[in-house]
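An overview of the molecular structure
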Amino acid sequence: MSQFKFAYKGLNYFAAALSKFLAVFEIEPKTGALTLIKKLEADFHEKSPEVTKVKWSRDNQYIVSGGEDGAIRLFKVSYNGKTTIDGFEQEKEFVIHSEGINDVDINSENTMVVSSSTDKT
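The paragraphs below set out a description of the structure included in this document. Keep in mind that this is a model prediction, so the values were computed, not measured. (Residues numbered from 1 in each chain as written. Predicted model: local features only at pLDDT ≥ 70, side-chain atom pairs only at ≥ 80, totals over all residues. Heavy atoms only, no water.)

Our focus in this paragraph is the overall build of the protein chain. Looking only at helices and strands, the protein chain features zero helices and ten strands. Going residue by residue from the N terminus, the α and β elements of the protein chain occur as β-β-β-β-β-β-β-β-β-β. Taking 14 Å as the expected radius of gyration for a compact globule of 121 residues, we find that the protein chain reaches 14 Å, a close match to that expectation. Principal axes of the C-alpha set define a box for the protein chain whose edges measure 40 × 30 × 20 Å. Counting only residues that meet the buried cut, the protein chain has 40% of its 121 residues in that class. Sequence separation of at least 24 residues holds for 40% of the intrachain contacts in the protein chain that already meet a minimum separation of 6. (Helix = DSSP H or I, 4+ residues; strand = E, 2+ residues; numbered from the N terminus. Rg over C-alpha atoms; globule rule 2.2 N^0.38 Å. Buried < 20%, exposed > 50% of the residue type's maximum accessible area, 1.4 Å probe, protein only. Contact = heavy atoms within 4.5 Å.)

Printed below as a string of structure tokens:
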């Protein structure tokens, strides 16, 4: 696991960068046991695919990832009820960098995503 971020608002989930995959886990608060909810390939670099950054939106509706392929991917999180995650699916992809991603973020309205890259953009 190269990077991980907890969900906001007290949900017992975290998103993790696992090699070329974005994964979401549920954490059992009393025992710390982890349950994998879903894992999707999220970096397609030809030689060394790796997701390097993950970030939850503040309302837990989206996860943003960035990786060595220079692409930013936006995933929509689906829920069964208010706090139980069913899964997530890629909604958008932005190929805006020629090198790997250093950082990503999403604004509180879920209308803008920002990123930085080793290509200095």
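On to the pairing of strand β1 (residues 3-6). As defined by bridge partners, β1 adjoins strand β2 (residues 13-18) across four bridges and the pair is classed as antiparallel. Among the inter-strand pairings, Gln-3 is bridged to a residue of β2, identified as Ala-17. Where β1 hands over to β2, the hairpin turn is made up of six residues, of which Lys-9 adopts a positive phi near 60 degrees. (Pairing = 2+ DSSP bridges.)

A few words now on the environment of Val-51. By secondary structure assignment, the location of Val-51 is in strand β5 (residues 51-56). C-alpha separation for the pair Val-51 and Thr-118, spaced 67 residues apart in sequence, amounts to 14 Å. Residues contacting Val-51, with those up to four places away along its chain left out, are Ser-2, Ala-17, Ser-19, Lys-20, Phe-21, Leu-22, Ala-42, Asp-43, Ser-65, Gly-66 and Gly-67.

Summed over the entire model, instances satisfying the criterion amount to four aromatic pairs. When the centroid spacing of 5.3 Å and the interplanar angle of 20 degrees are considered together, the rings of Phe-14 and Phe-25 count as stacked. Taken together, the residues Phe-14 in strand β2 and Phe-25 in strand β3 (residues 21-27) connect sequence positions eleven residues apart. Using a relative accessible area of 12% as the deciding quantity, one classes Phe-25 as buried. Ring centres 5.7 Å apart and planes at 85 degrees place the aromatic pair Phe-75 and Phe-88 in the edge-to-face group. Within this pair, whereas Phe-75 is found in strand β7 (residues 71-79), its partner Phe-88 is found in strand β8 (residues 85-95), the two being separated by 13 residues in sequence. Comparing Phe-75 with Phe-88, the two get one shared label, buried. These aromatic residues form a ring-pair network of at least three members: Phe-4, Phe-6, Phe-14 and Phe-25. Across from the ring centre of Phe-21, 4.6 Å away, lies the NZ or CZ of Lys-39, which sits over that ring. The lysine or arginine in question, Lys-76, covers the ring of Tyr-62, its NZ or CZ lying 4.9 Å from the ring centre. (Phe/Tyr/Trp six-rings, centres within 6.5 Å; stacked < 30°, edge-to-face > 60°. Lys NZ or Arg CZ within 6 Å of the ring centre and 35° of its normal.)

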